[in-house]
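This is what each chain is made of:
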Amino acid sequence: MTTRQDVQRDERTVAVANASYKWAGIFIIFALLIDVMCRAWFFDEAAWDLMALAVVTGAIPTMYQARHKVLGRHFGRKVVLLALLGGVLGFVVATIVAMTRAM
């Protein structure tokens, strides 16, 4: 005679848990970035420690995924493209801020 055993964790449970961790991570990263922007704009404080925390937090899963070889084939190209676009956008914003403060 066999007895029915309840499954505690299956693939769906793991997928839902991982998705919840993803949303929590996205929330905390954007909260940190908003905090950095508010400190810079309203209080004229440099919040490089919080910015570094946001960048390192985003880099950890990327390094883990690279180590386990699960990143896509064109991941490197996308990172370089995003870095270039971010640099150009940062330059434009810094130039606009410098021009408006000079007036």
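For clarity, every value in this text was computed on a predicted model and none was experimentally measured.

## Concerning the environment of Gln-65
Here comes step 1: Looking at the secondary structure, you find Gln-65 in helix H2 (residues 48-67).
Here comes step 2: Those residues in contact with Gln-65 that lie beyond four places of it in its chain are Val-70 and Leu-71.

## Regarding the nonpolar core
Here comes step 1: One finds Ile-29, Leu-32, Val-36, Ala-47, Leu-50 and Ala-54 forming the largest nonpolar core, which totals six residues.
Here comes step 2: For this core, the secondary structure elements donating two or more residues are helix H1 (11-43) and H2.
Here comes step 3: In terms of residues, this core owes the most to one element, H1, which gives three residues.
Here comes step 4: Excluding its chain neighbours within four sequence positions, the residues that come into contact with Val-36 are Ala-47, Leu-50 and Met-51.

## Some points on the packing of aromatic side chains
Here the distance between the centres and the angle between the planes together describe a pair of aromatic rings.
Here comes step 1: According to the stated counting rule, one finds zero aromatic pairs in the structure shown.
Here comes step 2: In this structure, Lys-22 is placed above the aromatic ring of Trp-23, and the distance from its NZ or CZ to the ring centre is 6.0 Å.

## Concerning the confidence of the model for the chain
Here comes step 1: Chain-level pLDDT for the chain is 85 on average; 91% of the residues reach the 70-or-more range.
Here comes step 2: Here H2 stands out as the least confident element of the chain, with mean pLDDT 85; helix H3 (residues 75-102) is the most confident, with 91.

## Notes on a nonpolar patch on the surface
Here comes step 1: Taken together, the side chains of Trp-23, Ile-26, Phe-30, Ile-34, Met-37, Trp-41, Phe-42 and Phe-43 make up a nonpolar region of the molecular surface, amounting to roughly 970 Å² of accessible area.
Here comes step 2: Within the secondary structure, Ile-26 sits in helix H1.
Here comes step 3: Residue classification places Ile-26 among the partly exposed positions, given a relative accessible area of 31%.

Each value, and the rule that gives it
- Residues numbered from 1 in each chain as written.
- Predicted model: local features only at pLDDT ≥ 70, side-chain atom pairs only at ≥ 80, totals over all residues.
- Heavy atoms only, no water.
- Helix = DSSP H or I, 4+ residues; strand = E, 2+ residues; numbered from the N terminus.
- Contact = heavy atoms within 4.5 Å.
- Core = buried A, V, L, I, M, F, W, Y, C linked by side-chain atoms within 4.5 Å.
- Buried < 20%, exposed > 50% of the residue type's maximum accessible area, 1.4 Å probe, protein only.
- Phe/Tyr/Trp six-rings, centres within 6.5 Å; stacked < 30°, edge-to-face > 60°.
- Lys NZ or Arg CZ within 6 Å of the ring centre and 35° of its normal.
- pLDDT = per-residue confidence, 0-100.
- Patch = residues over 30% accessible without salt bridge, like charges linked within 9 Å, V, L, I, M, F, W, Y side chains within 5 Å.
- Areas by Shrake-Rupley, 256 points an atom, 1.4 Å probe, with all protein chains shown as cover.
- Salt bridge = Lys/Arg side-chain N within 4 Å of Asp/Glu carboxyl O.

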